[in-house]
Structures are given as structure tokens and as C-alpha cells.
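Structural overview for review
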Amino acid sequence: MDIDMPVMDGITATKRIRKLEMKILRQALVSSLQSGASGSHSTSSISSAMSIQLESFDSLFRGKLNIQRLPIVGLTGKQTKGIRRQCMQCGMDHMIQKPIRKADLQDVIEKFAANYEHKLDTIMPF
């Protein structure tokens, strides 16, 4: 995800992707809870599901729902700690600095590919 895209920057795009993922996750959780629980317990569980924050996101994806979070790797020519922190806070999973070195790109692809090998059907559906 290029941080400096012309129409929409990578931080805004990442936030939108993560927001959509959260919406889908909440819907899946609510549906799962509604089909598996009854009475007041289901109401409180559904309420809890609706208050999920980004920090809980990964553990829930890898938990009961067996849905993988879409990996987002930021790409920037800016050499500041502030931009790295901003990218990580918006939901990116990793950063690569420009100019891109083949070895760095290959390492990142291998890192995320290992987590998703044979799991392509579990990546967040859009």
C-alpha cells in the first residue's frame, strides 16, 4: 500500500479496509452468536461483539470464525519514525522503505505467505 497515492493516501485506504473488515467481522460474530445462543446471554454476547475494537481484531479472526485478516504492507519514501508509527496505528502490518530492495520485498512476501499458505479461502471476503 503506497502511503503517497495521489487520489487517496495509503493511510486513509488502510483505515477504510480495516473498517470494512471490522463491519464484516461484527456481522459474522453476531450471526454466529445468534445461531448458537439463546436468551439474555445472546443479547449480552451480541452487545459485546458490536463493541469490538481494532486491538481485538486479530485474535478474533484467528479464533472461532477462522477468518484471516488481509495483510497490508505500507510502502513509503519517508524516513521518519512518525510515519511508521502512523502506518502501524492505522492497521498496516509492515512497512517497506523506498527505494525497494528485492530482498526486503521477498522477505515480507515470504513472511505473510507462510501465514496464509493453504488458507486463501479464509482471507476476509470483500
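**Topic: the confidence of the model for the chain**
With 64% of its residues at a pLDDT of 70 or more, the chain shows a mean pLDDT of 76. The lowest-confidence element of the chain is helix H2 (residues 39-50), averaging 52 in pLDDT; the highest-confidence one is strand E1 (residues 73-76), averaging 93.

**Considerations on the pattern of salt bridges**
Summed over all chains, the structure comprises 5 salt bridges. With a closest N to O distance of 2.9 Å, Asp93 and Arg18 form a salt bridge. One end of the pair, Asp93, is in the loop between helix H4 (81-90) and strand E2 (94-97); the other, Arg18, is in helix H1 (residues 10-36), with 75 residues separating them in the sequence. Taking relative accessible area as the criterion, Arg18 reaches 3% and is therefore assigned buried.

**With respect to the pairing of E1**
As judged from the 4 bridges shared by E1 and E2, these two strands associate in the parallel manner. Bridge pairing in E2 links Gly74 to Met95. What joins E1 to E2 is H4, and the crossover it makes is right-handed.

**Regarding the environment of Thr76**
Relative to the assigned elements, Thr76 resides in strand E1. A residue is classified by how much of its surface remains accessible, and Thr76, at 0% relative accessible area, is buried. Here the alpha-carbon distance between Thr76 and Pro99, two residues 23 residues apart in the chain, equals 8.5 Å. A polar contact is formed between the side chain of Thr76 and the backbone nitrogen of Lys78, at a distance of 3.0 Å.

Cut-offs applied
Residues numbered from 1 in each chain as written. Predicted model: local features only at pLDDT ≥ 70, side-chain atom pairs only at ≥ 80, totals over all residues. Heavy atoms only, no water. pLDDT = per-residue confidence, 0-100. Helix = DSSP H or I, 4+ residues; strand = E, 2+ residues; numbered from the N terminus. Salt bridge = Lys/Arg side-chain N within 4 Å of Asp/Glu carboxyl O. Buried < 20%, exposed > 50% of the residue type's maximum accessible area, 1.4 Å probe, protein only. Pairing = 2+ DSSP bridges. Right-handed = clockwise from strand over helix to strand, strands pointing away. Polar contact = N/O pair within 3.5 Å; in protein donor to acceptor, adjacent residues only side chain to side chain.

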